[in-house]
Amino acid sequence: NLPKKATIIEVGPRDGLQNEKNFVPTDVKKEFILRLKQSGVKEMELTSFVSPKWVPQMQDAGEIVDACMTMDSRDIVLAPNKRGIERVYETGCRSVAVFVGVSDSFNQKNINKTSEEAMKGLAPLIAELKEKGYFVRACISTAFYCPYEGKILPEATLSLCQEFVSFGVDELSVADTVGRANPSEAYHLFALLKKELPGTLLTAHFHDTRKMALANILASLEAGIDRFDTSAGGLGGCPFAPGATGNVATEDVVYMLEEMGVSTGVDLEKLALAIDVVKPHISRPVESGYYRLYELN
Ligand code: HMG
Ligand code: MG
């Protein structure tokens, strides 16, 4: 009962790179994004307008957006607060992702606010973005587990998602920030969200810390989800979630889906060329199954 098509939301240029200690040159990021687009990716997080003191890697956000935005794809930027959204307004970007975790301990480390404080600040900002016609995505961190608080109840995640829906967001990207969910939990939460939030785009965002991400994607597909955040090369992780590794690798997800007859529109060979560009600049090895075989050949 799988869908015919699924959408890949490439988060490598943002989630993939934000955790890299050494600054990846802006021109390398631009070429990475260009090649990702050439591979057929139609939705992508380009960068984030966060505090450069907190995340120095994203300090070139304005330049990245100016150079990389194109009309034929949904180019998304992250913004945590009013200052971030003001910076977005100075660019041509039309799609914004805000982010809040279900867990307060995580929020304190990531955005220096509780969930309630963050939501209070975001409500008028999202209303304004919607009035101006922006596409708004809300990223829900620690939707399954928190690195500080442990298990998060599905009801708590549902409740934060419902609050965002009441603010008018277009999409919810629901994240296993530390890569600790198992397929039963993935199925259960996404089936619940699908049932309770029928009018909102639902996207699954899995990190591959415990190598559960592909299994979790299959379980989410079975729960009716057809949108997945993935990162080319499996790069990345959140700097404020200790132990979290990269997102599930785009190439492994594309391979799995295409082999199962679920079309993604992404060309694997061209995707490998995108990873080639960024690989010499990152500190972690690229360990995805698809890319390892590509390098051997
Ligand atoms: P703060 O220090 O509490 O901010 O940080 P503040 O409001 O007190 O402002 C302090 C200074 O920062 C001021 O400058 C502001 O102007 C400036 P000063 O007056 O001292 O010169 N400032 C900014 N500058 C640029 N852009 C901004 C901005 N905001 C304030 N947007 C803040 C609060 C939210 C800014 C900070 O905590 C922050 O930037 N956090 C971002 C952390 C981050 O990027 N995390 C990774 C993304 S989330 C993620 O990866 C999870 C996800 O992948 C899903 C998953 O897997 O879970 C999405
Ligand atoms: Mg993430």
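The rules behind these values
- Residues numbered from 1 in each chain as written.
- Chains lettered and ligands numbered in written order.
- Predicted model: local features only at pLDDT ≥ 70, side-chain atom pairs only at ≥ 80, totals over all residues.
- Heavy atoms only, no water.
- Donors = N, O, S within 2.8 Å, 3.2 Å for Na, K, Ca; no water.
- Helix = DSSP H or I, 4+ residues; strand = E, 2+ residues; numbered from the N terminus.
- Buried < 20%, exposed > 50% of the residue type's maximum accessible area, 1.4 Å probe, protein only.
- 1 Å grid on protein atoms, 1.4 Å probe; cavity = no way out; pocket = protein on both sides within 12 Å on 5 of 7 lines; lining within 4 Å.
- Points joined across faces, edges and corners; volume = space filled by probe spheres on them.
- Nonpolar A, V, L, I, M, F, W, Y, C, P; charged D, E, K, R; others polar.
- Core = buried A, V, L, I, M, F, W, Y, C linked by side-chain atoms within 4.5 Å.
- Contact = heavy atoms within 4.5 Å.
- Near = heavy atom within 4 Å.
- Polar contact = N/O pair within 3.5 Å; in protein donor to acceptor, adjacent residues only side chain to side chain.
- Areas by Shrake-Rupley, 256 points an atom, 1.4 Å probe, with all protein chains shown as cover.
- Sits in = over half its atoms within 2 Å of the grid points.
- Arc of directions from axis to C-beta.
- Pairing = 2+ DSSP bridges.
- Axes fitted to C-alpha atoms, helices over the stretch in contact; angles between N-to-C directions.

J.: I'd like a rundown of the coordination of the magnesium ion (ligand 2), residues and numbers included.
T.: Protein-derived ligands of the magnesium ion (ligand 2) are Asp-15 (OD), His-205 (NE2) and His-207 (NE2), with the metal-ligand distances lying across 2.1 to 2.3 Å. Linear spacing of the donor residues for the magnesium ion (ligand 2) on their chain is D-x189-H-x1-H. Of this pair, Asp-15 sits in helix H1 (residues 12-16) while His-207 sits in the loop between strand E9 (201-206) and helix H9 (213-222); the two residues are 192 residues apart in sequence, bridging distant segments of the chain. Look at Asp-15 and you get buried, because its relative accessible area is 2%. In this structure His-207 comes out as buried when scored by relative accessible area, which is 4%.

J.: Mind laying out the layout of surface pockets, listing which residues take part and the relevant values?
T.: Left-over empty space is what a probe sized like a water molecule reveals as it rolls over the atoms. The calculated volume of the largest pocket comes to roughly 480 Å³. Lining the largest pocket are 31 residues, and of these Val-50, Leu-78, Phe-99, Asn-110 and Ile-111 sit closest to its centre. Those elements giving two or more residues to the lining of the largest pocket turn out to be H1, helix H4 (82-89), helix H5 (104-111), strand E5 (135-141) and strand E8 (171-176). Each residue belonging to the lining of the largest pocket can be placed in one class, and the counts come to 15 nonpolar, 11 polar and five charged.

J.: I'd like a rundown of the nonpolar core, residues and numbers included.
T.: By size, the foremost hydrophobic cluster in this structure holds 102 residues, and its most contacted members are Ile-140, Phe-164, Leu-172, Val-174, Phe-190 and Leu-193. Ranked by residues supplied to this core, first place goes to helix H11 (residues 268-278) with seven residues. When residues no more than four places from it in sequence are discounted, the contact partners of Leu-172 are Ala-138, Ile-140, Cys-161, Phe-164, Val-165, Leu-197, Thr-200, Leu-201, Leu-202 and Thr-203.

J.: So what's going on with the site of ligand 1? Which residues, and what values?
T.: What surrounds ligand 1 is a group of 27 residues, the closest being Gln-18, Ser-51, Arg-87, Ser-141 and Thr-177. In this structure, Gln-18 approaches ligand 1 through a side-chain N or O atom, which is 2.8 Å from an oxygen atom. Contact between ligand 1 and Asn-112: an oxygen atom at 2.8 Å from a side-chain N or O atom of the residue. Isolated, ligand 1 exposes 1,100 Å² of accessible area, and the fraction of that covered by the protein chains is 74%. More than half of the atoms of ligand 1 fall within 2 Å of the grid points belonging to the largest pocket. Of all elements in the fold, only H1, H4, H5 and E5 reach the threshold of two or more residues within the shell around ligand 1. Counted by class, the shell around ligand 1 contains 12 nonpolar, 10 polar and five charged residues.

J.: Please set out unusual backbone geometry residue by residue, giving values where relevant.
T.: Phi angles above zero are rare outside glycine, and Asn-112 is one such case at about 65°. Of note, Asn-112 is situated in the loop between H5 and helix H6 (115-131). Given the relative accessible area of 52%, Asn-112 is considered exposed. Look at Lys-211: it is not a glycine, yet its phi comes out positive at around 60°. Inspection of the secondary structure assignment puts Lys-211 in the loop between E9 and H9. For Lys-211, a relative accessible area of 61% puts it in the exposed group.

J.: Please set out H4 residue by residue, giving values where relevant.
T.: All of the buried residues along H4 are Gly-84, Ile-85, Arg-87 and Val-88. Taken around the axis of H4, the buried residues stretch over an arc of 155°, which confines them to a single face. Those residues of H4 that are buried lie in contact with helix H3 (61-68), strand E3 (74-78), strand E4 (95-101) and H6.

J.: With reference to specific residues and values, describe the sheet that holds strand E1 (residues 7-10).
T.: The eight strands are arranged E1-E2-E3-E4-E5-E8-E9-E10 in a closed barrel whose pairing can be described as parallel. Here the strands of the sheet are splayed against their neighbours by 25° on average, with no regard to which way each runs. By the bridge criterion, four bridges tie E1 to strand E10 (residues 227-230) in an arrangement that is parallel. Across the sheet, residue Ile-9 finds its bridge partner in E10, namely Asp-229. Of the strands in this sheet, E4 and E5 touch H5, which is tilted by about 130° from E4.

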